[in-house]
Amino acid sequence: MTRTVGFVGLGNMGGPMAANLVKAGHRVLGYDLSEQARDRAAGHGVTVTGSAAEAVAEADAVLTMLPTGRHVIDAYRALVPAAARPGTLFVDCSTIAVGDARTAADLARAAGHRAVDAPVSGGVAGAEAAGLTLMVGGTEAEFADAGPLLAGVGRKVVHCGPSGAGQAAKICNNMILGISMIAVSEAFALGESLGLSHQSLYDVASTASGQCWALTANCPVPGPVPGSPANRDYRAGFAAALMAKDLGLAADAAASTDVPVELGRRAAELFAAFAEGGGGGLDFSAIYTTLREETA
Ligand code: NAD
């Protein structure tokens, strides 16, 4: 089904996602505060509007891909009244706190619209290749409507439960990833100190029980996985600042539910220190360089 989609936030992720919705045959009206982002989206067939409100006015689905929960809630306060069509489907794909996702959905539903949270995993490469995994929180009926649309930007769309459940899945997944990147980095640093080559450790762990995505796809040392950011001076990739943000969301959620997540909290501290110390723009696997220094 061809839809009219309003897309707000055409940055590193939103830009390629909007472009893929155009490729999937939808009419996409898009807006971003950044002129550069608007121009890039226009080059991919997005009809750029003069404001976010104009992008959503005639839409039957509104997608947002914004930096933080504050941006999303502020945007919903402005966009919900601007959406003229009753029952417009609001889909927020940003990574934000579970509570903020529920607040945003409540704002949309109170105005007679429908809403799901649908954060994504797969990074910029996944967004460009329409290869994202999407985690959706909303009712069965909302998911039935959102699923086919989201299939245009991803290869896997999972209904995780009611509002906020998509964000819950996202922060749990990224807590696994943050902790496992630290584990892999510490293992390489320890292996080095024991005289073990990176390649030897990789050849064993990648086919043994230490195998994980942080090792085999995003290996934090140069060499064993030629496509990993370590081979290009840790150019992101998935920026350490975003990992620090996601682990902060996980730590906050754990604190509010009294779950200890000791490693999750330690990973949040390490990535926050790394990002604040100047590494925020590097790929998150660059945490290896500081862990190695600490063991040297
Ligand atoms: P980005 O900074 O590249 O893009 C965000 C865009 O939102 C910017 O272009 C900005 O100008 C625009 N914007 C901000 N406020 C706006 C407003 N009021 N109206 C219109 N446009 C506005 O960030 P990104 O990397 O695309 O990430 C977006 C979200 O996706 C974040 O929540 C992030 O955590 C999440 N995410 C990112 C990645 C990744 O690898 N980059 C992966 C998964 C999830």
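Residues numbered from 1 in each chain as written. Predicted model: local features only at pLDDT ≥ 70, side-chain atom pairs only at ≥ 80, totals over all residues. Heavy atoms only, no water.

(A) Just the environment of G178, in detail. Along the chain, G178 falls in helix α8 (residues 165-193). Placed 65 residues apart in sequence, G178 and M243 show a C-alpha to C-alpha distance of 6.9 Å. (Helix = DSSP H or I, 4+ residues; strand = E, 2+ residues; numbered from the N terminus.)

(B) The arrangement of the site of the ligand in detail. Every one of the 22 residues lining the ligand counts as a neighbour, but N12, M13, D32, L66 and K245 are closest to it. Interatomic distance of 2.9 Å between a backbone N/O atom of N12 and an oxygen atom of the ligand. Listed by contribution, the elements that provide at least two residues to the shell around the ligand are α6 (123-128) and α11 (240-257). The residue makeup of the shell around the ligand, split by class, is 11 nonpolar, 8 polar and 3 charged. Inspection of the shell around the ligand shows a minimum of three residues originating in each of domain 1 (4-162) and domain 2 (168-295). (Near = heavy atom within 4 Å. Polar contact = N/O pair within 3.5 Å; in protein donor to acceptor, adjacent residues only side chain to side chain. Nonpolar A, V, L, I, M, F, W, Y, C, P; charged D, E, K, R; others polar. Domains from an automatic or database assignment.)

(C) Just the pairing of strand β5 (residues 89-92), in detail. Covered by surrounding structure in β5 are L89 and V91 together with F90 and D92, the residues of both alternating faces. Strand direction decides the pairing type here: strand β4 (residues 61-64) and β5, joined by 4 bridges, are parallel. Within β5, the position partnered with V62 by the bridge is F90. Following the chain from β4 across helix α4 (residues 69-82) to the adjacent parallel β5, one finds a crossover that is right-handed. (Buried < 20%, exposed > 50% of the residue type's maximum accessible area, 1.4 Å probe, protein only. Pairing = 2+ DSSP bridges. Right-handed = clockwise from strand over helix to strand, strands pointing away.)

(D) Fine view of the domain arrangement of the chain. Split into domains, the chain comes out as domain 1 (4-162) and domain 2 (168-295). Here domain 1 and domain 2 have C-alpha centroids that lie 29 Å from each other. Facing the 11 residues of domain 1 at the interface are 7 residues of domain 2. Together domain 1 and domain 2 conceal approximately 730 Å² of surface at their shared face, both sides included; 67% is due to carbon and sulfur atoms. Between domain 1 and domain 2 we count 3 residue pairs in polar contact (both at pLDDT 80 or more) in total. Among the residues making up the side of domain 1 that touches domain 2, the classes are represented as 8 nonpolar, 3 polar and no charged. (Contact = heavy atoms within 4.5 Å. Buried area = accessible area lost by both parts, 1.4 Å probe.)

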